Amino acid sequence: MSESFPRLHARTRRFTLGVPRGFTIAPDGSRILFLRTKGGSDAVTCLWEFDVASGRERLVVDPRTLDADEENLPPEERARRERSREQAGGIVGYSTDSAVTTAAFALSGALYVADLRTGDTRRLATPGPVIDPRLSPTGGHVGYVTGGAFHVQDLDGGPGDGAGRALATPEAPEVTYGLAEFVAAEEMGRMRGYWWSSSGDAVLVERADESPVRTWFIADPANPDRPATEQRYPAAGTPNAVVELFVLGLDGSRVPVPFTDEYLVTARWDAHDLVIVTMSRDQRSMSLFRVDPATGATALVRRDTDDAWVEVVTGVPGHLSDGTLVWVADADGGRRLIIGDAPVTPPTLQVRDVLDVEGDAVLFRASGGDPAEIALWAYRDGGITLVSPAESGVYNGRTAGGTLLVTAQTLGSEGTTVQVSHHGAPRGHISSHAERPGLDLRVSLIRAGERELSTAVILPSGHVPGSARLPVLMDPYGGPHAQRVLAASGAFLTSQWFADQGFAVVVADGRGTPGRGPAFERAILHDLATPVLEDQVDALHAVAAQYPDDLDLSRVGIRGWSFGGYLAALAVLRRPDVFHAAVAGAPVTDWRLYDTCYTERYLGHPDEGHYDASSLFGDAGKLDRPLLLIHGLADDNVVAAHTLRLSSALLAEGRQHSVLPLSGVTHMTPQEVVAENLLLLQVDFLKRSLGITEDLG
């Protein structure tokens, strides 16, 4: 008997194992470094190299040969992996010198350096467990963080530098040097806290003081003999960490770089400039500064403002070969690529991110008329060119030295493909070892309702259209900065499995989701409840009108995780006339309990009065539909207090509901047994709640 989908889904970490990722192309385009596990159920990530001329792969480093204990991770590294939603172990990140001849990485807190020409790997002595090692561009030094201190080690074995030396040591237990603070990693996509100069003789280092941040305690009720984990959590309306910047010279010099904004968005130090990007606490202003490394003096380059919020876009700032600024900003109703001061993309093409800037060319991703499609584009000499294939899909890529790497996901193919070309000539592909899901996808992408919402309809693989009206399962995320409807088969694997249990599954991206322009995203300002719920209802009714003989609107369930969990609970509380049962996983129930950066972006400061309308607590007395709340008790992102407080409010109103606590489980639910059984339990709950007694799957 073949392995069940829930078990395979769990064992393969949602089919992410075995997929190549983390690509770095050598400057001359001759080699590509990347990460990949050896198989689709192997969780140990190895470092590989692809030779562009021959099209052959080479295993550079296998962690198993280094006797590294994957379970013995420093707490800071576990936190980093939770923030980045890392599913695997082994070498989950690495850095190289600018020539891509040497790589540095951490395994179980130990520091390793690999010679990419010979494959020789050596472990370096360090004074403690290592976090985020990064090589200098020249390859002569490696920086890392241990015990909150920022260290630099001379790879040439300089006198007195055998185990590195601390360039900055924390003055108090709440201070760290060289690490991104919580909100930067969780909400701004910045996972790093230091940046090497291009010459390798100095480093821009973040100092984060978390002493103003309130302490929360994440307890493990299943193990009362264990002390609660203390965590500094910046809840909405409360103080953030105090972030400062210093230029630290290898000669021991220390130059402060002052800035006044609340948030450090990112920094970049290339051959042209040292620049930093900062953002105000209300997120309506973002500033780009040029920094003099010798004095720390800053000069404003540009400032972007918005009445709602300014958007953080990854991959910028950058510079063309002559120093011209590469930027992304909202203008004329679109998110546009800016070269110098001039937009070079039309307002109808929504730029997602910038991938590479090489010479006078920029590689970037963008969506045109269909937000489900994300294409790969290149800017050069004042014009833009489509780089990815014409087939609808979700594309990504890297480029350097005439080599172009394109990753592709489409609805017509399984998994991810990685194609490599050099100066336009195909040079083969980098293999994926991911498992095959074994599902027969029945996905249709449509535009639903008055707002033409990007919507997917997934029917059971054996269903004959018009033969029977099926119970409906809405399967959204629905919140800002994330999409569920993409022209990629991997986006719908779980939805298809739910469909094969006898449901017509509908996935809709409503207002607030990306890819349709700033106005569509900003429609949720000061209200995270009404627009997103309205759009789920509108999408459902529009799909039912298009599939009148396939959807049974008297039996509608909804499930979701995180914001999707919030939306699922919201649906049965406020629209029980439409939704008849809900599974809410790790839901945000009161936005005062969520973090500053995310929550204040959309709802402002709690004192402004926009929070109660988006909270679930005021609706507790309205519940008369089955509701299953699921929450990991070790979740440090959406803490379990969200579910427990909603449960208390429901109990106070005498409203029946179910709570499934997951001991030791974080926001990601990476444990295989938990991940497998969660799918099975959700199906059972939904069938019982919707009165489905016959075997539909």
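Procedures and definitions
- Residues numbered from 1 in each chain as written.
- Predicted model: local features only at pLDDT ≥ 70, side-chain atom pairs only at ≥ 80, totals over all residues.
- Heavy atoms only, no water.
- Pairing = 2+ DSSP bridges.
- Helix = DSSP H or I, 4+ residues; strand = E, 2+ residues; numbered from the N terminus.
- Axes fitted to C-alpha atoms, helices over the stretch in contact; angles between N-to-C directions.
- Buried < 20%, exposed > 50% of the residue type's maximum accessible area, 1.4 Å probe, protein only.
- Right-handed = clockwise from strand over helix to strand, strands pointing away.
- Parallel < 35°, antiparallel > 145°, perpendicular 65-115°, else oblique.
- Left-handed = near helix turned anticlockwise from the far one by under 90°.
- Contact = heavy atoms within 4.5 Å.
- Nonpolar A, V, L, I, M, F, W, Y, C, P; charged D, E, K, R; others polar.
- Expected span 1.5 Å × (residues − 1).
- Arc of directions from axis to C-beta.

(A) Highlighting the sheet that holds strand β30 (residues 361–367). Sheet architecture is open: four strands sit in the order β29-β30-β31-β32, paired in antiparallel fashion. Two strands close off the open sheet at either side, each with one partner strand: β29 (350–358) and β32 (383–386). Geometrically, the sheet is characterised by an average inter-axis angle of 30 degrees between neighbouring strands, direction not taken into account. Bridge count for β29 against β30 is seven bridges, and the pairing is antiparallel. In the strand pairing of β30, aspartate 356 is matched with leucine 363.

(B) Representation of helix α4 (residues 493–500). By the criterion of burial, α4 is predominantly enclosed, with eight of the eight residues buried. Inspection of α4 places Leu493, Thr494, Ser495, Gln496, Trp497, Phe498, Ala499 and Asp500 among the buried residues, and these make up the whole buried set. Glycine 502 lies just past α4 and shows a positive phi near 115 degrees.

(C) Local environment of the environment of phenylalanine 563. Tracing the backbone shows phenylalanine 563 in helix α7 (residues 563–574). Relative accessible area serves as the criterion here: at 2%, phenylalanine 563 is assigned to the buried category.

(D) Looking closely at the pairing of strand β43 (residues 627–632). By the criterion of burial, β43 is predominantly enclosed, with six of the six residues buried. Here β43 shows a buried face lined by Leu627, Leu629 and His631 and a second buried face lined by Leu628, Ile630 and Gly632. Here strand β42 (residues 581–585) pairs with β43 via four bridges, running parallel. Along β43, the bridge assignment pairs alanine 582 with leucine 627. Taking the sense of rotation as the criterion, the β-α-β connection linking β42, helix α8 (residues 596–603) and β43 turns out right-handed.

(E) Representation of the packing of α4 against helix α10 (residues 672–689) in the model. The N-to-C vectors of α4 and α10 enclose an angle of 45 degrees; their axes lie 11 Å apart at closest approach. By the angle between their directions, the pair α4 and α10 is classed as oblique. Crossing geometry of α4 relative to α10 is assigned as right-handed. Across from Thr494, Trp497 and Phe498 in α4, the residues of α10 making contact are Leu679, Leu680, Gln682, Val683 and Leu686. Residue composition of the contact of α4 with α10, grouped by class: six nonpolar, two polar and no charged.

(F) Structural detail: the pairing of strand β24 (residues 298–305). As defined by bridge partners, strand β23 (residues 285–291) adjoins β24 across seven bridges and the pair is classed as antiparallel. Within β24, the residue paired with phenylalanine 289 across the bridge is leucine 300. Hairpin connection of β23 to β24: six residues between the antiparallel strands, including glycine 296 at a positive phi of 80 degrees.

(G) Looking closely at helix α9 (residues 641–652). Between its first and last C-alpha atoms α9 spans 16 Å; for twelve residues at 1.5 Å apiece the expected length is 16 Å, and the two agree. Residues of α9 that are buried: His642, Thr643, Leu646, Ser647, Ala649 and Leu650. Down the axis of α9, the sector holding all buried residues measures 160 degrees, keeping them to one side. Projecting away from the buried face of α9 at angles above 90 degrees are the exposed residues Leu651 and Ala652. On its buried side, α9 packs onto β43 and β44 (658–662). Glycine 654, located one to two residues past α9, shows a positive phi value of around 70 degrees.

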